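Coordinates in review
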Amino acid sequence: MSHFFRTAARPLLGGILRSFKACLGIAVLAFVLVFAGAQTGFAHEFKVGDLEIGHPWSRATPAGAKVAGGYFTITNKGSAPDRLLSISSDISDKAELHEMGVKDGVMTMRPVAGGLEIPAGGKVALAPGGYHLMFIGLKRQPKQGETFSATLTFEKAGAVSVDFAVEGMGGGMDDHAD
Ligand SMILES: [Cu+2]
């Protein structure tokens with residue numbers, strides 16, 4: 001009787017174990033895929049306090065270029081305004097916040113004094129032709145497809161490190177000579 005039980009139960013138990021292992025394997029694989037997706041995903045966003053920094057990007061520059069632009073969006077989910085005060089990066093000697101506009105029919109660019117306010121519940125875009133970062137005194141040329149890091153410092157939210165994705169060279173009026 002006990003002999004019969006052992007021989008009948010063993011294959012059954014083995015089958016359960018095998019299917020359990022297979023399930024576990026699939027679960028682990030699914031987890032790894034989800035995790036990898038989160039790491040290399042297209043959502044390129046950074047958070048600090050109530051602020052969300054969306055898609056920081058820059059442009060590849062021609063050899064010898066001394067400056068590069070920097071663009072992103074800032075969304076303030078909080079109930080108080082904040083202010084982008086300063087920017088720093090290893091890629092250049094310094095970085096400034098600039099505003100581009102037309103004055104007397106001429107395209108001009110000037111540093112923004114006192115930082116850039118991000119209103120409570122508001123969104124500010126740094127984009128070609130408007131507000132932008134200027135990495136000045138490039139130590140090397142940013143190359144298409146790479147990322148470089150920079151630190152943004154806000155009055156209330158504090159400092160956050162973000163990665164700028166380098167896109168292809170542009171052409172046009174947002175590219176300013178040094
Ligand atoms: Cu500029």
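Residues numbered from 1 in each chain as written. Predicted model: local features only at pLDDT ≥ 70, side-chain atom pairs only at ≥ 80, totals over all residues.

The name given to the chain in an unreviewed UniProt entry is Copper chaperone PCu(A)C, with Mesorhizobium calcicola as the source organism.

Scanning the chain for helices and strands turns up one helix and 11 strands. The secondary structure elements of the chain, listed N-terminal to C-terminal, are α-β-β-β-β-β-β-β-β-β-β-β. Looking at the 178 residues of the chain, the share that counts as buried comes to 20%. Residue pairs in contact within the chain that sit at least 24 positions apart in sequence constitute 69% of those at least 6 positions apart. (Helix = DSSP H or I, 4+ residues; strand = E, 2+ residues; numbered from the N terminus. Buried ≥ 20, exposed ≤ 12 C-beta atoms within 10 Å, placed from the backbone. Contact = placed C-beta atoms within 7 Å.)

Bringing the environment of alanine 150 into the picture now. With respect to the helices and strands, the residue alanine 150 is situated in strand S10 (residues 147-154). According to the C-beta neighbour criterion, alanine 150 is buried, with 22 such atoms within 10 Å. Sequence-wise, alanine 150 and isoleucine 91 are 59 residues apart; in three dimensions their C-alpha atoms are separated by 8.2 Å. Apart from the residues within four sequence positions on either side, alanine 150 is in contact with Gly70, Ile87, Ser88, Ser89, Ala95, Val162 and Phe164.

Here the focus is the environment of arginine 83. Tracing the backbone through its elements, the reader meets arginine 83 in strand S4 (residues 82-89). With 32 residues separating them along the chain, arginine 83 and glycine 115 place their C-alpha atoms 6.1 Å apart. The contact partners of arginine 83, leaving out residues within four places of it in the chain, are Gly115, Leu116, Glu117, Ile118, Phe154 and Glu155.

Before going further, it helps to spend a moment on the environment of valine 112. Positionally, valine 112 belongs in the loop between strand S6 (106-111) and strand S7 (116-118). By C-beta crowding, valine 112 is classed as partly exposed, having 14 other C-beta atoms within 10 Å. Each C-alpha atom, one on valine 112 and one on glutamate 96, is 8.1 Å from the other, the two residues being 16 residues apart in sequence. Valine 112 has contacts with Leu97, His98, Glu99 and Tyr131, leaving out every residue within four places of it along the chain.

All right, on to the pairing of S4 then. The pairing of S4 with S7 spans three bridges and is antiparallel. Bridge assignment links arginine 83 to a residue of S7, and that residue is glutamate 117. In the sheet, S4 pairs with S10 via five bridges, with the strands oriented antiparallel. Note that in S10 the partner of isoleucine 87 across the bridge is leucine 152. (Pairing = 2+ DSSP bridges.)

Turning our attention to the confidence of the model for the chain. When pLDDT is averaged along the chain, the result is 83; 71% of the residues meet or exceed 70. This model gives residues 31-41 a pLDDT under 50, and the stretch forms zero contacts once residues within four places in sequence are excluded. For residues 172-178, every residue scores under 50 in pLDDT, and the model assigns this stretch nine contacts once sequence neighbours within four places are set aside. (pLDDT = per-residue confidence, 0-100.)

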